[in-house]
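# Survey of secondary and tertiary structure
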Amino acid sequence: MSTGPGIPAGMTRQSEVTGDLHIECAVAVVGSGAGGATMAAELAAAGMDVVMVEEGGYHPTETFTAEAGRALRTLYRDGGAGFALGKPPVLFSEGRCVGGSTVVNGGMSWRTPPEVLERWARDEDIAEISEREMEPYFAKVESRLSVGFQDPETIGRDAQLLKAGADARGWKIIPNLRNQLHCAGTNNCTNGCPTGAKRSMLVTSVPRALARGARVFADCRAERITGSGGAVTGVEGRFIRPGGRRGPRLTVRSAVVVAAGGAVQTPALLARSGLQSRSGQLGRNLTLHPNAKVIAFFEEEVTGWHGVHQAFQVREFMDEGILLTAVNLAPSLVALGMPAHGKELGDLMADYNHMVTAGCLIEDTGTGRVRNIPGLGPQVFYQITDKDAARVVRGVMLTAEVMFAAGARRVLLPFSGAPEVHNAAEARDLLARPVPKRSMELFTVHLMGTARMSENPARGVVDSFGAFHGVRGLFVADASLFPGPIGVNPMETILGLVTRNAQRLIQQRDQYGI
Amino acid sequence: MLMYKTRVKEAAVAQDSPPRARLGESARRIVARFAAVACPPEVRSGERTERLLGEFELLLGAMPAGMRKSIPVAFVLFDRAARLYPPARGRRFARLGDREADSYLRAVLAARRGGLAALVRLLKGLVVMCYYELPEVKEQLGYRPGPYIAAVSRRRLVAYGPEIRAVEAAVLAPDPGSPEAGIFPGPRAGG
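So, here is what we can say about the structure in this document. For clarity, every value in this text was computed on a predicted model and none was experimentally measured.

### Observations concerning the overall build of chain A
Tallying secondary structure elements over chain A gives 13 helices and 24 strands in all. Against the 2.2 N^0.38 benchmark of 24 Å for 514 residues, chain A shows a C-alpha radius of gyration of 22 Å, consistent with a compact globule. With 514 residues in all, chain A has 68% of them scored as buried. Approximately 16300 Å² of chain A is accessible, and the part contributed by carbon and sulfur atoms is 49%. A distance of 6 Å separates the average location of the 53 positive side-chain charges in chain A from that of its 51 negative side-chain charges.

Here it is in structure tokens:
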């Protein structure tokens, strides 16, 4: 039972470090999210000496509250305010804490669609990635993370309305699979699960790795990967003091380095370490599943914050690369995007408990890139294509339609300057007209593809198992690996791939002397 | 609350946000005036504006250095640019009456130059976000997650406690057949 907030053995935070540290280990893992923590736990379980370097802080379950602002400041990179520059800019958020984005995501756990795996195998000649070959890895992570359907008592009214709307339209809608252990339905996923029911890396793979002797250095930014003679030799970082001040140095010497900072930070770290890919793809090939949301107002009280974060997904339009869902947001995050101010904003927000926030996720066809800009750090550039913009418009129209089918009285659209609509026909008429890209309010939490896998070094940054082409001992273990978008939530794909890649590394450990 | 029986070093856990980024006096006045126009009229009651500014400084403190510096500058530019807005008759935004300030904000948000409108939309979004983080504002909306979370958390433990404890304990339990080379032990290759 809990003895109150404490620091697990093996965890070191900046406040406990007074001088430069020099560490030796077998494997240094940069990042403690879905990829990093999974890799660390697998390797530690195999008896390897593993060190995790995590830029964010250690925030245990007991510290999580429903204050969205506080969560943004403590659990997210840059207060949750990342921007992919383009017209329109795409707002994105990444976790930055021990456990990474799994601490603040919605916990959707879907296997990679088989057709995506087939495409990757075909286009990039990736080995051992068929549905059959991936099955044991997915089964393993699903077992470890308690992936399953929600208990019925936790399904909120907003989700029921989404289902009612989809049923009325005759659309395919399925219950969500989530990594949750009898989720209580607190609707607090994005602020950190206050019960630990969401089986994030914070409460699964990180403690599992620590229990097997791994060490975690939190509040420590990996500045560069070091190397010599075509092989890695470790990681150099700096502890971050309050206010962003640079603290003592951390120098890790290791035969293997695993970069798992996510699709923005990983290519940035590799690039500032002077590592180049013959493919020219490092930092390129970024896809991000653009999301757009509508706000639907109902006569009845919905109280969308009662019940699980996301209970269903409308899968009717997957062939078009469009997925629909309902996700409740805290008042402050709803207000952030409201097309009103002053009294008008107050009047809209007064109906907060009558709102359903629903949205569409687009499987994008365009790509962007991540670049290190001197003085600014990693910057993301992404220009939505005409095809994807058309998908956004269609996705928004379908989302409005499902909300009206569920009984919504009016719907606000995510296009600046667009009037509210009062029925599906009105939405269709409005959206039949051209919608300027610059008016679109887009958001994402799925960034992928910036160090893509390919057996062909001329096409990919890493090989079929995440090993960096041409640099011995360097591996990538996060969504950067994806050769393309997957159309569903990416966490389980990361977990499955990294579990598979860890197994490969374990089999080859003698090659690296680890 | 269930927790892992791991080895624990008793120590205070850092729960603090990054330190707030203090706005200069001038920027602070502008943001306060901006809040009075962008937020619902109730922002003027009590000390809400002051506490909103506190939230805003905390949020700014969590942002990257570039944004931390450029957002106050953007507010100052927004303030000064009001002089070019004819109905302002040469006054800065912070000196405009309510009606003129509202119409200036409306005009900028509707600007044809998408970049300018997008920037001011962002500023507005950040300010109103901070307003709706104030506890009494959430209370007014009927958003009371604390008691709800406590109630459903209790319900969970009552209904599923033994299973939850077993699964949580398994996280730290040795793997089957350990010491092992992963869950799928196989021949070590290459060595």
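Having seen the model, we can carry on.
### Considering the side chain of Thr 399 of chain A
All names here are of chain A. Note on placement: Thr 399 falls in helix α10 (residues 386–405). A residue is classified by how much of its surface remains accessible, and Thr 399, at 1% relative accessible area, is buried. A polar contact of 2.6 Å, which involves the side chain of Thr 399, links it to the backbone oxygen of Gly 395. With residues near it in sequence (within four places) discarded, Thr 399 still touches Val 294, Leu 324, Ala 358, Gly 359 and Cys 360.

### Section: the pairing of strand β14 (residues 246–253) of chain A
Residue and element names in this part refer to chain A. Sheet topology note: the strand β3 (residues 21–24)/β14 ladder contains four bridges and is parallel. Paired with Ile 23 across the two strands is Val 252, which belongs to β14. Here strand β13 (residues 231–240) runs beside β14; their pairing, made up of six bridges, is antiparallel. Considered in β14, the bridge of Gly 234 is made with Arg 253.

### A look at the sheet that holds strand β15 (residues 256–259) of chain A
Residue and element names in this part refer to chain A. Here we have six strands laid out as an open sheet, ordered β2-β11-β5-β4-β15-β24, and parallel in their pairing. With partners counted over all chains shown, the strands left at the sheet margins are β2 (11–12) and β24 (474–476), one partner each. Here four bridges tie strand β4 (residues 27–30) to β15, and the two strands are oriented parallel to one another. The partner of Val 30 across the bridge, within β15, is Ala 259. Sheet contacts for helix α1 (residues 34–45): β4, β5 (50–53) and β15; angle to β5, the most-contacted strand, approximately 165°.

### Some thoughts on the nonpolar core
A general feature of soluble globular proteins is that nonpolar side chains tend to end up buried together. Among the nonpolar cores identified, the biggest contains 170 residues, and Val 27, Trp 120, Met 338 and Met 349 of chain A together with Phe 34 and Phe 56 of chain B are the most heavily contacted of them. No fewer than three residues from each of domain 1 (13–141) and domain 2 (145–174) of chain B sit in this core. Val 27 of chain A has contacts with Leu 43, Met 48, Asp 49, Val 50, Val 51, Ser 254, Val 256, Val 258 and Ile 514 of chain A, leaving out every residue within four places of it along the chain. In terms of nonpolar packing, the next biggest core, distinct from the first, is built from 59 residues, Cys 183, Val 380, Leu 398 and Ala 400 of chain A among them.

### Focus: the packing of helix α1 (residues 25–38) of chain B against helix α2 (residues 48–62) of chain B
All names here are of chain B. Two elements in contact, α1 and α2, have axes separated by 10 Å at closest approach and are oriented at 115°. Handedness of the crossing formed by α1 with α2: right-handed. Along the contact surface, α1 presents Arg 28, Val 31, Ala 32 and Ala 35, while α2 presents Thr 49, Glu 50, Leu 52, Leu 53, Phe 56 and Glu 57. Grouping the constituent residues of the contact of α1 with α2 by class yields six nonpolar, one polar and three charged.

### Observations regarding helix α4 (residues 98–109) of chain B
Residue and element names in this part refer to chain B. Over its twelve residues, α4 extends 16 Å from the first C-alpha to the last, a length consistent with the 16 Å expected when each residue adds 1.5 Å. Within α4 the residues assigned to the buried category are Ala 101, Tyr 104, Leu 105, Val 108 and Leu 109. The arc enclosing the buried residues of α4, seen along the axis, measures out at 130°, which places them on a common side.

### As for the layout of surface pockets
Residue and element names in this part refer to chain A. In this structure, the second largest pocket spans a volume of roughly 430 Å³. The wall of the second largest pocket is formed by 26 residues, among which Val 116, Arg 119, Glu 363, Pro 485 and Ile 486 lie closest to the centre. Tallying contributions element by element places helix α3 (residues 114–124) first for the lining of the second largest pocket, with six residues. Its residues assigned to classes, the lining of the second largest pocket shows seven nonpolar, eight polar and eleven charged.

### With respect to the pattern of salt bridges
Residue and element names in this part refer to chain A. Summed over all chains, the structure comprises 46 salt bridges over all chains. For Glu 42, the salt bridge identified is with Lys 140, shortest N-O distance 2.7 Å. Here Lys 140 lies in helix α4 (residues 131–144) and Glu 42 lies in helix α1, a separation of 98 residues in the sequence. Across the pair, Lys 140 and Glu 42 agree in class, each one buried. The salt bridge involving Lys 437 is made with Asp 386; its shortest N-O contact spans 2.7 Å. One end of the pair, Lys 437, is in the loop between α11 (424–432) and β23 (442–444); the other, Asp 386, is in helix α10, with 51 residues separating them in the sequence. Asp 386 gets classed as exposed once you look at its relative accessible area, which sits at 58%. Linked through salt bridges whose partners overlap, the residues forming this network are Glu 55, Arg 77, Glu 94, Arg 96 and Arg 221.

How each quantity is defined
Residues numbered from 1 in each chain as written. Chains lettered and ligands numbered in written order. Predicted model: local features only at pLDDT ≥ 70, side-chain atom pairs only at ≥ 80, totals over all residues. Heavy atoms only, no water. Helix = DSSP H or I, 4+ residues; strand = E, 2+ residues; numbered from the N terminus. Rg over C-alpha atoms; globule rule 2.2 N^0.38 Å. Buried < 20%, exposed > 50% of the residue type's maximum accessible area, 1.4 Å probe, protein only. Areas by Shrake-Rupley, 256 points an atom, 1.4 Å probe, with all protein chains shown as cover. Lys, Arg positive; Asp, Glu negative; His and termini not counted. Charge placed at Lys NZ, Arg CZ, Asp CG, Glu CD. Polar contact = N/O pair within 3.5 Å; in protein donor to acceptor, adjacent residues only side chain to side chain. Contact = heavy atoms within 4.5 Å. Pairing = 2+ DSSP bridges. Axes fitted to C-alpha atoms, helices over the stretch in contact; angles between N-to-C directions. Core = buried A, V, L, I, M, F, W, Y, C linked by side-chain atoms within 4.5 Å. Domains from an automatic or database assignment. Left-handed = near helix turned anticlockwise from the far one by under 90°. Nonpolar A, V, L, I, M, F, W, Y, C, P; charged D, E, K, R; others polar. Expected span 1.5 Å × (residues − 1). Arc of directions from axis to C-beta. 1 Å grid on protein atoms, 1.4 Å probe; cavity = no way out; pocket = protein on both sides within 12 Å on 5 of 7 lines; lining within 4 Å. Points joined across faces, edges and corners; volume = space filled by probe spheres on them. Salt bridge = Lys/Arg side-chain N within 4 Å of Asp/Glu carboxyl O.

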